[in-house]
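Tertiary structure, described
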Amino acid sequence: MSSSSRANTEDHDGLEAAVDQAISACGGDLRSTIRTLIVANEYLETEVGELMKAVSHAYARGRFQSYSG
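Read on for a plain summary of the structure. These numbers come from a predicted model, not from an experiment.

The subject of this paragraph is the overall build of the protein. Looking only at helices and strands, one finds 2 helices and 0 strands in the protein. Looking at the protein as a whole, 6% of its 69 residues qualify as buried.

Here we take up the pattern of salt bridges. Across all of its chains, the model carries 1 salt bridge by this definition. Two residues, E50 and K53, come together in a salt bridge whose shortest N-O distance is 3.3 Å. Of this pair, E50 and K53 both sit in helix 2 (residues 30-60), 3 residues apart, which is roughly one turn of the helix.

So, about a negative patch on the surface. A surface patch of like charges, here negative, comprises E10, D11, D13, E16 and D20. You can see D20 is positioned in helix 1 (residues 3-25).

What follows is about the environment of Q21. When you line up the elements, Q21 lands in helix 1. Between the C-alpha atoms of Q21 and T33, which are 12 residues apart in sequence, the distance is 10.0 Å.

Attention shifts here to the environment of C26. Within the secondary structure, C26 is located in the loop between helix 1 and helix 2. Here the alpha-carbon distance between C26 and T36, two residues 10 residues apart in the chain, equals 8.3 Å.

Cut-offs used in this document
Residues numbered from 1 in each chain as written. Predicted model: local features only at pLDDT ≥ 70, side-chain atom pairs only at ≥ 80, totals over all residues. Heavy atoms only, no water. Helix = DSSP H or I, 4+ residues; strand = E, 2+ residues; numbered from the N terminus. Buried < 20%, exposed > 50% of the residue type's maximum accessible area, 1.4 Å probe, protein only. Salt bridge = Lys/Arg side-chain N within 4 Å of Asp/Glu carboxyl O. Patch = residues over 30% accessible without salt bridge, like charges linked within 9 Å, V, L, I, M, F, W, Y side chains within 5 Å. Areas by Shrake-Rupley, 256 points an atom, 1.4 Å probe, with all protein chains shown as cover. Lys, Arg positive; Asp, Glu negative; His and termini not counted. Charge placed at Lys NZ, Arg CZ, Asp CG, Glu CD.

This is a description of form; function is not addressed.
See the structure below:
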């Protein structure tokens, strides 16, 4: 088995374990699991948006310097 195939298998196994853990955390209720994941995703999207605004604001004020290579 190539290292690429092995990595894909490990990624898949890790994903399956995370799915099982999420379902277990919600008492086996799949609707509750999906609802929880949607809420968590919305929260993370909001956080990313806030961070992007903060970084853009700081960049505009000269707090970050662009990389010139």
